[in-house]
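Each chain, written out:
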Amino acid sequence: MMIRNILILLFLALTPFWVAAQEVVTDTIFPVFNYGEPSDYEIGGIKISGAVFSDENALKSIAGFRVGDRIRIPGGDIPRAMKALWNLKLFTDIEILQEKTIGDIVFLEIRVKERPRLTSHSFRNIKKTNHDDINKLLEPTLVKGGIVTENTKVTCQKKIEKYFVEKGYLDAKVTVIEEPDSARINAVKLVFDADRGERVRIQQIAFVGANNAKEGKLHRLMKETKSKKAIFSASKYIRADYLTDQKSLISYYNTIGYRDAQITGDSMWREEDGDLQIRIDISEGPRYYFRNISWKGNSIYTAEQLTEVLAIKKGDVYNQELLEKRLQFSEEGRDISSLYMDNGYLFFNIDPIEVAISGDSLDLEMRIFEGPQATIDKVVINGNDRTHEHVIRRELRTLPGDKFSRSDIIRSQRQIMNLGYFNPESLDINTPVNPQRGTVDIEYTVEERPSDQLELSAGWGGVGRGVIGTLGVSFNNFSARNIFKKETWSPLPQGDGQRLSIRAQTNGRFFQSYNLSFTEPWLGGKKPNSFTAAGFYTRYNISGGTFGLGGATFSLGTRLKFPDDNFVSSTSINLENIQLSNWYDGLFRTEDGEIVTDGQYHNFSVTQNITRSTINNPLFPQEGSRFSLSLQLTPPYSLFSSKPYADLPVEERFKWLEYHKWRFTAEWYAKLVGNLTLKTEAKIGMIGAYNKDIGISPFERFQLGGDGLNNQQFGQFNGTDIISMRGYEINEIGANQINGQTVATPIFDKFTVELRYPVSLNPNSTIYVLAFAQGGNAFRTFRDFNPFDLKRSAGIGLRVFLPMFGILGFDYGLGFDKDTAGAGNSNIFKTFGNFNIILGFEPE
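Everything numeric here is computed off the predicted structure, so don't read it as measured data.

A. Region of interest: the overall build of the protein. If you tally the helices and strands in the protein, you get 14 helices and 38 strands. Judged by the C-alpha coordinates and their principal axes, the protein covers about 155 × 80 × 65 Å. Counting over 844 residues, the protein shows a buried share of 43%. A separation of at least 24 residues holds for 61% of the contacts in the protein among residues at least 6 apart in sequence. Of the accessible surface of the protein, which amounts to about 43200 Å², a share of 54% is contributed by carbon and sulfur atoms. Distance between charge centres in the protein, computed from 98 positive and 102 negative side chains, equals 1 Å.

B. Up close: the pattern of salt bridges. Evaluated as defined, the whole model comprises 33 salt bridges. The closest approach of N and O atoms between Glu-700 and Lys-661, which form a salt bridge, is 2.9 Å. Taken together, the residues Glu-700 in the loop between strand 29 (677-688) and strand 30 (701-704) and Lys-661 in strand 28 (residues 660-671) connect sequence positions 39 residues apart. Taken together, the salt bridges that share partners define one network made up of Arg-726, Glu-754, Arg-756, Arg-799 and Asp-811.

C. Examining the side chain of Asn-254 more closely. Structurally, the position occupied by Asn-254 is in helix 7 (residues 239-255). Judged by its relative accessible area of 12%, Asn-254 falls in the buried class. Beyond its immediate sequence surroundings of up to four residues, Asn-254 is in contact with Arg-259, Tyr-318, Asn-319 and Gln-320.

D. Representation of the packing of aromatic side chains. Taken as a whole, this structure holds 26 aromatic pairs when the rule is applied. Their ring planes at 85° and their centres at 6.3 Å tell us that Phe-164 and Tyr-169 sit as a pair that is edge-to-face. For the pair Phe-164 and Tyr-169, one class covers both residues: buried. Both rings, one in Phe-588 and one in Phe-699, keep their centres 4.6 Å apart while their planes meet at 50°; by these two values the pair is tilted. In this pair, Phe-588 is assigned in the loop between strand 25 (567-581) and strand 26 (599-613) and Phe-699 in the loop between strand 29 and strand 30, connecting sequence segments 111 residues apart. An aromatic cluster of at least three residues, connected via ring pairs, comprises Phe-510, Phe-511, Tyr-540, Phe-547, Trp-583, Phe-588, Tyr-601 and Phe-699.

E. Region of interest: helix 8 (residues 303-310). Buried within helix 8 are the following residues: Leu-306, Val-309 and Leu-310. Projected onto a plane normal to the axis of helix 8, the buried residues spread over an arc of 100° and lie on a single side. Facing away from the buried side of helix 8 by over 90 degrees, the exposed positions are Glu-304 and Glu-308. Packing partners of the buried residues in helix 8 comprise strand 12 (289-296), helix 9 (320-327), helix 10 (336-341) and strand 14 (361-369). Phi turns positive one or two residues past the end of helix 8, at Ala-311, with a value near 55°.

F. A look at the nonpolar core. Core analysis: the largest hydrophobic core is formed by 34 residues, its most contacted members being Phe-547, Leu-580, Phe-588, Tyr-601 and Phe-699. Elements supplying a minimum of two residues to this core: strand 23 (529-542), strand 24 (545-559), strand 25 and strand 30. For this core, the element with the most residues is strand 23, which contributes three residues. Judged by nonpolar contacts, the second largest core, of 22 residues, contains Val-200, Phe-207, Tyr-242 and Leu-249.

G. View of the packing of helix 4 (residues 128-138) against helix 5 (residues 150-165). Interaxial distance between helix 4 and helix 5 falls to 10 Å at its minimum, and their mutual angle equals 135°. When the axes of helix 4 and helix 5 are compared, the pair comes out oblique. When you trace helix 4 past helix 5, the crossing you get is right-handed. On helix 5, the residues that touch Asn-130, Asp-133, Ile-134, Leu-137 and Leu-138 of helix 4 are Cys-156, Lys-159, Ile-160, Tyr-163 and Phe-164. When its residues are assigned to classes, the contact of helix 4 with helix 5 shows seven nonpolar, one polar and two charged.

H. Summary view of the sheet that holds strand 12. With respect to topology, three strands assemble into an open sheet ordered 12-14-13, the strand pairing being mixed. Only two strands of the sheet have a single neighbouring strand rather than two, namely strand 12 and strand 13 (349-358). Between one strand axis and the next, the sheet turns by 25° as a mean value, whatever way the strands run. Pairing geometry for strand 12 and strand 14, over six bridges, is parallel. Following the sheet pairing, Trp-295 is matched in strand 14 by Met-366. Against the sheet, helix 8 touches strand 12 and strand 14, its axis set at about 140° to strand 12.

I. Geometry of unusual backbone geometry. Residue Pro-563 is reached from Phe-562 by a cis peptide bond, and omega for that bond is 0°. Examined against the element boundaries, Pro-563 turns out to sit in the loop between strand 24 and strand 25. Although it is not a glycine, Ala-311 sits at a positive phi angle of roughly 55°. Take Ala-311: it is sitting in the loop between helix 8 and helix 9. The exposure class assigned to Ala-311 is partly exposed, which follows from its relative accessible area of 29%.

Each value, and the rule that gives it
Residue positions are counted from 1 within each chain, in the order its sequence is given. Where totals are concerned, whole chains, interfaces and linings use all residues; where local detail is concerned, this predicted model gives features only for residues with pLDDT of at least 70, and gives and counts side-chain atom pairs only at 80 or more. Here the side-chain values reflect all heavy atoms present in the structure, with hydrogen atoms and water set aside. Strands here mean DSSP runs of E at least two residues long; helices mean DSSP runs of H or I at least four residues long; both are numbered from the N terminus. Three labels apply to residues, based on accessible area from a 1.4 Å probe with only protein chains included: buried if under 20% of the type maximum, exposed if over 50%, partly exposed otherwise in between. Every residue pair with non-hydrogen atoms within 4.5 Å of one another is taken to be in contact. The protein chains shown are the only cover counted for residues, whose accessible areas, like all others here, come from Shrake-Rupley with a 1.4 Å probe. Counted as positive: Lys and Arg. Counted as negative: Asp and Glu, with His and the chain ends omitted from the count. We put the charge of a Lys on NZ, of an Arg on CZ, of an Asp on CG and of a Glu on CD. Here, a salt bridge means any side-chain nitrogen of Lys or Arg that lies within 4 Å of a carboxyl oxygen of Asp or Glu. Between 30 and 60 degrees the pair is tilted, below 30 it is stacked and above 60 it is edge-to-face, where a pair is any two Phe, Tyr or Trp rings, Trp via its six-membered ring, whose centres lie within 6.5 Å. This arc is taken over the directions from the axis of the helix to the C-beta atoms. For our purposes a nonpolar core is just a set of buried Ala, Val, Leu, Ile, Met, Phe, Trp, Tyr and Cys residues, chained together by side-chain atoms within 4.5 Å. Between N-to-C directions, angles span 0 to 180 degrees; the directions come from axes that are lines fitted to C-alpha atoms, helices contributing only their stretch in contact. An angle below 35 degrees is treated as roughly parallel, one above 145 as roughly antiparallel, one from 65 to 115 as roughly perpendicular, and anything else as oblique. Handedness of a crossing follows from how the near helix is turned relative to the far one, being left-handed for an anticlockwise turn of less than a right angle and right-handed for a clockwise one. Gly counts as polar in this scheme, as do all residues outside two lists: the nonpolar Ala, Val, Leu, Ile, Met, Phe, Trp, Tyr, Cys and Pro, and the charged Asp, Glu, Lys and Arg. The criterion for strand pairing is that DSSP finds at least two bridges linking the strands in question.

Rendered as structure tokens:
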């Protein structure tokens, strides 16, 4: 008994006074003190242990301890200090110990165990393409060098799971693994291991209460939320897209008269196989009709004029979308807002008020605030670091001092985009207003993009069968006046909007071709009168036969004001000299079939072209049209001569070529759904003679078929117009063949329908895919011409526009009406179709 008492006293004597606490996840537990014998002490010193990343002085201050202060032990001072330190959430363990006492002076030690710090994080079972997006989500929570807590890990876990849920992976699970980093003290690495599971598909979408709308139409309106029955769209459930699709449903109902339509509820449940079932409850309400429409506040235009522009009659089905377009902005410019704003009334505002609802009829009052006319004060251009300002400014329709006009701004925007020097996606127009002065500034902000093009290619083929090399450069923003200023060369002087093109093509043994052209779009700098000078030379030397063609073209174009300023007129003078020696290719033939093999022929002609274009974007047009009519004429030499042309040899009869040549092209572009665009096109060309004794010229005819590129395919070169026909080689169209030889024809037609969809509208790499249907034919005589006798084809294609190289791409076409008699047994494309390669530019 005595030994036991001695041991107990010894234990009590050696045990220091201590206060400790252990970490818990939920509630902090503080030690229990014996308050039977409290004592007051003066703090003689404070020691901090275990604080690597935390500031010791800050911890002392937060604990509320200062040397010289008096505290009561046991008492409330130490628990308060413990609570303050725990609230920092920096530590996993905290102890406040009595280091020693000297009389009534106590020395304290605060021991802490800091939470680990983050050195890095990584992903497991997550594709690299998702890493950047997820890192952005985690940035506010996950900081390198920051403290890692349970809350941090849970928050990150939930964010990643939500990321996958929003992409349709409703069963996604993420596990957070904490691994110690041996390279650093008290540091960890986090690994986010994801099991996203399968994307949840929608088995069915049911519309309940949709009695006046076709179910198929409602399904099509759910553009991003499709059931797995949909053929061309992936089935997935993404909450944000689903809510947007619901709004589309209501918007559609508003266009067919159901202004009170609303979604009263929806429900979702999972099937045993995991698929999602969706039910949408719709309350359509009654169908409304427009009744009386009145105008208030209008003084510039009469009510009759405004009603005519609005074009909504009494008894028309209520259509909210149409009403907003006719009031605010219509793409064709038929709206009340454009009527006022094109006349300077920038401050104009219109507010349609429903003044009466009687049964199924609505009465509207259009309340108008016309305001004063606004005048353009300043026109500012920003962002043009290469193109000189006058090149942009001369294209603008908005001039200082003019009345404000919205249509002029839209037209100016189109003109800037058609220059081809700027990114159309980033073109920005601001109109800061000064109401006190009644003026408006117009600020155009552009972003330069590369516009020069390089053509560098090599191919195998042609008449002589060999490697053909091509090197060409086009400087589309050239500056001739800065040629002698070295500081402007990059790599050549640029910025004045001129175009310089140089191209060389050769086989070395049998073929050479050289082209040079220069265009000044604003000759004289004051009016949009373009001037072009071009020279070319082509020579073949094959099997003892030679063909040579050299010439020059000078062209002057101007923008017309009548019927409107979308018209451009261009007049060209063409000088050509053609030389043949033992040329038995068979391409050049008279109307009676005689082959032209020798002689020198002079081709002097004048070409008049009229073009009207309203295309909005030259790279990927989505609206607008282009019509072009050209007439090429030579002097009618035979009318001033009494020679017996019918009896003359070919070399004399066609020594001075005479003909009249017509070309017509029409293109239309329309946006269908989203960026899906429809292109329709019609082309026709014909060449005729003045004198029937001479007949149609053997030169300047047409060849339909192939890829349309003048690249020696089947021995073609300048001297004929080569027109592409996808799905057909030249020798697979019957009119192009006589006795196994390829010939040119005096007439052709071609019709095209294309569906285009952009993969990327980035101007640095514009990419789109297309599907086409095409029909066309060539005819040897005008008697044979029949616009309904078409060679049909269909296929798919791809286009990539790279500023440095122009348009690259391919088409794969299937021809359904091939004349394979002239193709020969070696034509491997009889059954499987034809590939066409596009290099540098879009062929005709």
